[in-house]
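Coordinate analysis (summary)
Okay, here's what each chain looks like letter by letter:
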Amino acid sequence: MKDQLEKKKVKRIKINLDKCVGCRACEIACSAFHATPKYSSINPARSRIRMVIDELNDEYVPIRARDYTKAECDGRHVYTINEKEYSECSFCGAVCPARNLFKEPDSGLPLKCDMCVDDPPLKEPLCVQVCKVEALTYEEYEEEVKEEVKLGEMEIGLQSLVDKHGLQKLVDTVARMSQKG
Amino acid sequence: MRYAETGYNLEIDLTRGNIERVETDPRLTELHLGGQGTAAKILWDRVPPETDPFSPDNLLIFSTGLLLSTPVPGANRTAVNTISPQTGLYSHSLFGGFFGPELKHAGYDKIIIRGKSPSLVYLYINNDKVELRDASHLQGKGALETGALIKKELKDQEVQVVAIGLAGENRVYSATIEHHNSSASRGVGVIMGDKKLKAIAVRGTKDINIARPAELFELCNNMYQYIHDNPHYTGDIMAHEDDEEFHVDNFAWGNARTRVKGFWNKEREEKWKAISDKVRVRWTGCYNCPKDCHQAIKYPGRHTYFTKCYSKLTYAMAAFKELDFDYDILGVTQEYGLDGFSTPQILAFAVELYEAGILTDQDLPGFPTDTGERFFYLVEKLVRREGVGDALANGVYWAARQIGKGAEEYDHNSIKKFEQVPLKLGMINYPYFLMYATGEKMNITQIEGSYPQIPIADLEERKKFVDNWEAAPERFKKWFMEWEPRQHPTIEASVNICDWNETMHYVDDAIGTCAWLSSFRGQFGGRPAYHIYNLPKFISLATGMELDTDELWKIAARNRNLIRAFNIRRGLRRVDEAPPANHWKIRDPEKEQQTLDAYYEFKGWNKEGIPTKETLDKLGLDYVSEDFVQRGILTGNEGAPSKETSAETEKN
Ligand code: SF4
Ligand code: SF4
């Protein structure tokens, strides 16, 4: 793999937890934007940004849907910030079996934040636009990154199995599975 | 296809443990919209007037407003309706937060609860899966604490919960139903407790159909911006103000008797601000609303709870205490689930009775000397119905009569047996006289709000105000221009002001828009987000109904008359429509009665305040007039309302 520097636009949503009022407008706007046809329905359950709210612990955390993961983590951190306890899950965007978040309600398929790609492009992702109290803000900047050959989803999965078990064992297992039908 | 609404209600029979999903009649939406409107229709049809509030046949109805779960900003109110044991009449409460939208996404417009459960249960709704679950482990738990425990037990942080505390469980009349940052008061928690329903937990992930979604979304986006950009016209201003002069100087302290003049000064303001800043952990809003009217409060040694508007002062003023006392006691009363308006008055009433020697050390063993400590003492008695608390738990009106020995004299601030906001003022105010007298919703805050409370002294300013007054029908602009400080509006204007104010509430209560963006807000600044002229468009785009301002006004009138009819059938008459004698110092009984006559006539009601056959039929409420004729409430031969000789009719 040849490393080469290239400029890349990075999109960043900044989150200020102290400013959030818990209105869930971000969820509503996101679900509308991603509805087919666009804006045809609002339904927080379909949103790719979700509010983790525990009002009695004063916990208001917007999280953004990231990648699908098959298994939940085997352990979790608990953070104390300003005397409030947060589970690691409150900050985690993984679509994970341990919880309901970020699953299409009908099919159960994982949802993922795409930063509201649109044509023409939006000036800001919609959740940021509707967050009037500026708990969510948006910025874009350029970063020099090493060019890498991007792996597809299946390759990522296979690579992780190879890393864990070694290539030979993986090949053997696949052969055995295919014989069983 | 049904738009904006799900088209289904959930019917729960707690006696049998039966659960049904029932399709609703779309015609009723056209006639009543939803929320309180359609709830009133159900109560009229299914709860005959002889039904005792504590009978299993009494219904407890949770109704989402029609626009909930559409993109309409601030449409998040759920109405709770039943018959109140305190008033014997229709009981109405609203709460915001997140419950209603979740219920709609679960696929239901209403939850209609009847019967009584043999043991304490809670209702769990997860889309199509609905079940009653044992709640014995939640007995005695705090109202908000119950929500947290249920979420944990269901392993779902996303469920929205309403729950009663100990007060509701013990059928205290001033018990509330609590949800997140909001509560439903005015006598609904007591019925939930009577039915042995500790809580309702709901989770919903379904879509709601919108008739013209893209157009509505755009309209709502603009409205969202307007609400955010205009803090002077939208949301609960009082929530954010540290200047409490308006409340502490104008409202009565103690048992609604004492005005404390000159209490407010800069020093106190700073002191109180420091207290609020210290205990407030966050400002929060409701579902799909850019305002932040609720303070999350963490007082040392208490659970987190929320306040809005004037409840942060009601206990302090009733006990002649400072603000920290209020924050402290709210930490207790919110968990017990007690109405922050009625309860302080009940406690202050008891303190007065003790000081007058009507309640003695025998009734209140070990009664402390400090009023603050007395309040804490009395709250415990009240929520447990212990000793004299058993009488106090029935509210001031009934407690006074149960205690006797002249205690009735101390019940001087209730209308229709319900505690009122402690406002004792100097000069009679006719529009307010009408609102107090004729309101079915027991609290002035549920009736007032579109027409400003005071004129603008500067003529040019006033003119400017009127020119920008989009929310007001033309006639009010004229009256407002003519209104000089300290002058009474004409009878005609008074009647119309009352009518407009209440109409806007009947609209909000049906569609679920928050009063702080609409019906309650125009009186401060005149430019509420929602009004009678722009709402038809929101409703039309969401529901597909053809609707204009006149039609919306008519629907509100239909709901108003149906609720009135429900109360009339339960015995409400003119004699009940009277603010307390000392509500204003200077009164004019003759003109008051003339004004009341004029209002009844304007409404198409007879001298007893009963809607006439003509009025009812015009509103499509023929089934009500038929029922009235059958019961002899109306004779069936009435002419115009002004020619009524109802006194005779009544006696028959
Ligand atoms: S829109 Fe902003 S303030 Fe509202 S819940 Fe989302 S992050 Fe919080
Ligand atoms: S205006 Fe305030 S009370 Fe009303 S919905 Fe918005 S946040 Fe809630």
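Residue positions are counted from 1 within each chain, in the order its sequence is given. To read the labels, note that chains go from A and ligands from 1, taken in the order they are written. The model is predicted, so local features are restricted to residues of pLDDT at least 70 and side-chain atom pairs to those at 80 or more, both for listing and for counting; the totals for chains, interfaces and linings are taken over all residues. Values shown for side chains rest on all heavy atoms present in the structure; no hydrogens or waters enter the calculation.

**With respect to the environment of Gln345(B)**
All names here are of chain B. In plain terms, the rule: Put simply, DSSP marks the helices as runs of H or I at least four residues long and the strands as runs of E at least two long, and each gets a number from the N terminus on. Each residue's exposure class comes from its accessible area (1.4 Å probe, protein chains only) as a fraction of the maximum for that residue type: buried when under 20%, exposed when over 50%, partly exposed otherwise. The criterion used for residue contact is that any of the two residues' heavy atoms lie within 4.5 Å.
Mapped onto the fold, Gln-345 is located in helix H13 (residues 342–355). Of the residues examined, Gln-345 reaches a relative accessible area of 5% and is grouped as buried. When the C-alpha positions of Gln-345 and Thr-307 are compared, they lie 18 Å apart, and in sequence the two are 38 residues distant. Discounting chain neighbours no more than four positions away, the residues touching Gln-345 are Asn-255, Ala-256, Val-396, Asn-413, Glu-419, Gln-420, Val-421 and Pro-422.

**Some details on the interface of chain B and chain A**
Defined as follows: Salt bridges, as used here, are contacts in which a Lys or Arg side-chain nitrogen is within 4 Å of a carboxyl oxygen on Asp or Glu. Side-chain classes are defined by residue name, with Ala, Val, Leu, Ile, Met, Phe, Trp, Tyr, Cys and Pro counting as nonpolar, Asp, Glu, Lys and Arg as charged, and the others, Gly among them, as polar.
In this complex, chain B contributes 42 residues to the contact, which on the side of chain A involves 34 residues. Among the salt bridges present, the one from Glu158(B) reaches Arg50(A), with a minimum N-O distance of 2.5 Å. Put simply, the parts of the chain that give the side of chain B that touches chain A at least two residues each are helix H3 (99–106), helix H4 (143–154), helix H7 (213–229) and strand E13 (280–284) of chain B. No other element matches the seven residues that H7(B) contributes to the side of chain B that touches chain A. Tallied by class, the residues present in the side of chain B that touches chain A amount to 17 nonpolar, 14 polar and 11 charged.

**Quick look at the packing of helix H20 (residues 491–511) of chain B against helix H22 (residues 549–569) of chain B**
Residues and elements named next belong to chain B. The following threshold applies: Each axis is a line fitted through C-alpha atoms, and for a helix only the stretch in contact is used; angles between axes span 0 to 180 degrees, taken between their N-to-C directions. Just so you know how the angles are binned, under 35 degrees is roughly parallel, over 145 roughly antiparallel, 65 to 115 roughly perpendicular, and the rest oblique.
Packing of H20 against H22 brings their axes to within 9 Å, and their N-to-C directions diverge by 90°. The angle between the axes of H20 and H22 places the two elements in the roughly perpendicular class. Mapping the contact onto sequence places Asp-499, Trp-500, Glu-502, Thr-503, Tyr-506, Val-507 and Ala-510 in H20 and Leu-552, Trp-553, Ala-556, Asn-559, Arg-560 and Ile-563 in H22. Residues that form the contact of H20 with H22 fall into these classes: eight nonpolar, two polar and three charged.

**Quick word on the domain arrangement of chain B**
All names here are of chain B. Selection rule: Delimitation of the domains relies on an automatic or database domain assignment. A 1.4 Å probe defines the accessible area here, and the buried area is the portion of it lost by two parts on being joined, summed over both. Polar contact criterion, stated in full: a pair of N or O atoms within 3.5 Å, where within protein one must be able to donate a hydrogen and the other to accept it, and residues adjacent in sequence count only if both atoms are side-chain atoms.
With domains assigned, chain B is organised as domain 1 (8–203), domain 2 (244–289 + 292–419) and domain 3 (425–645). Spacing between the C-alpha centres of domain 1 and domain 2 amounts to 26 Å. Taken together, the contacts link 37 residues of domain 1 with 32 residues of domain 2. When domain 1 packs against domain 2, the two sides together hide about 2600 Å² of surface, and 52% of this comes from carbon and sulfur. Broken down residue by residue, the surface that domain 1 buries against domain 2 is led by Gln-86, Ser-174 and Asn-181, which jointly contribute 24%. Put simply, domain 1 and domain 2 have zero salt bridges between them. Where domain 1 meets domain 2, there are 23 residue pairs in polar contact (both at pLDDT 80 or more). Of all the secondary structure elements, the ones that give two or more residues to the side of domain 1 that touches domain 2 are H3, H4, helix H5 (166–169) and strand E11 (182–184).

**A closer look at empty space enclosed by the protein**
Residue and element names in this part refer to chain A. Just so we agree on the cut-off: Both cavities and pockets are sets of points on a 1 Å grid over the protein atoms alone; in a cavity a 1.4 Å probe fits but cannot get out, in a pocket the set is open with protein on both sides within 12 Å along at least five of seven lines, and lining residues sit with an atom within 4 Å of a point. Grid points are joined across faces, edges and corners, and a volume is the space filled by probe spheres set on the points.
According to the stated counting rule, one finds 12 cavities of 30 Å³ or more in the structure shown. The wall of the largest cavity is formed by 16 residues, among which Cys-20, Val-21, Cys-23, Cys-131 and Val-133 lie closest to the centre. For the lining of the largest cavity, the class distribution of residues is 13 nonpolar, one polar and two charged.

**Describing the pattern of salt bridges**
Per the counting criterion, the structure on display carries 64 salt bridges over all chains. Between Asp207(B) and Arg46(A) there is a salt bridge, with its nearest N and O atoms 2.9 Å apart. Taken together, the residues Asp207(B) in the loop between strand E12 (197–203) and H7 and Arg46(A) in the loop between helix H1 (25–33) and strand E2 (49–54) connect one chain to another. Relative accessible area serves as the criterion here: at 34%, Asp207(B) is assigned to the partly exposed category. What makes Arg46(A) buried here is its relative accessible area of 16%. In this structure, Arg27(B) and Glu30(B) form a salt bridge, with 3.2 Å as the shortest nitrogen-oxygen distance. Of this pair, Arg27(B) and Glu30(B) both sit in helix H1 (residues 26–32), three residues apart, which is roughly one turn of the helix.

**Some thoughts on the side chain of Lys151(B)**
Summarising the element assignment, Lys151(B) is placed in helix H4. Setting aside residues no more than four positions away along its own chain, Lys151(B) makes contact with Glu55(A), Asp156(B), Gln157(B), Val159(B) and Val161(B).

**Considering the site of ligand 1**
How we decide: Note on terminology: near, applied to a residue and a molecule or strand, indicates that one of the residue's heavy atoms is within 4 Å of it.
Close contacts around ligand 1 come from Cys20(A), Val21(A), Gly22(A), Cys23(A), Arg24(A), Cys26(A), Met51(A), Pro62(A), Cys131(A), Val133(A), Ala135(A) and Leu136(A), and that covers them all. A class-by-class count of the residues in the shell around ligand 1 yields 10 nonpolar, one polar and one charged.

**A short note on the nonpolar core**
Residue and element names in this part refer to chain B. So the rule is basically this: Working definition of a nonpolar core: buried Ala, Val, Leu, Ile, Met, Phe, Trp, Tyr and Cys residues. They are joined through side-chain atoms within 4.5 Å.
One finds Phe-375, Trp-469 and Phe-628 to be the most contacted residues of the largest nonpolar core, which totals 152 residues. Top contributing element to this core by residue count: H20, with 10 residues. In this structure, Ala-106, Val-121, Val-190 and Ile-191 belong to the second largest nonpolar core, which totals 30 residues.

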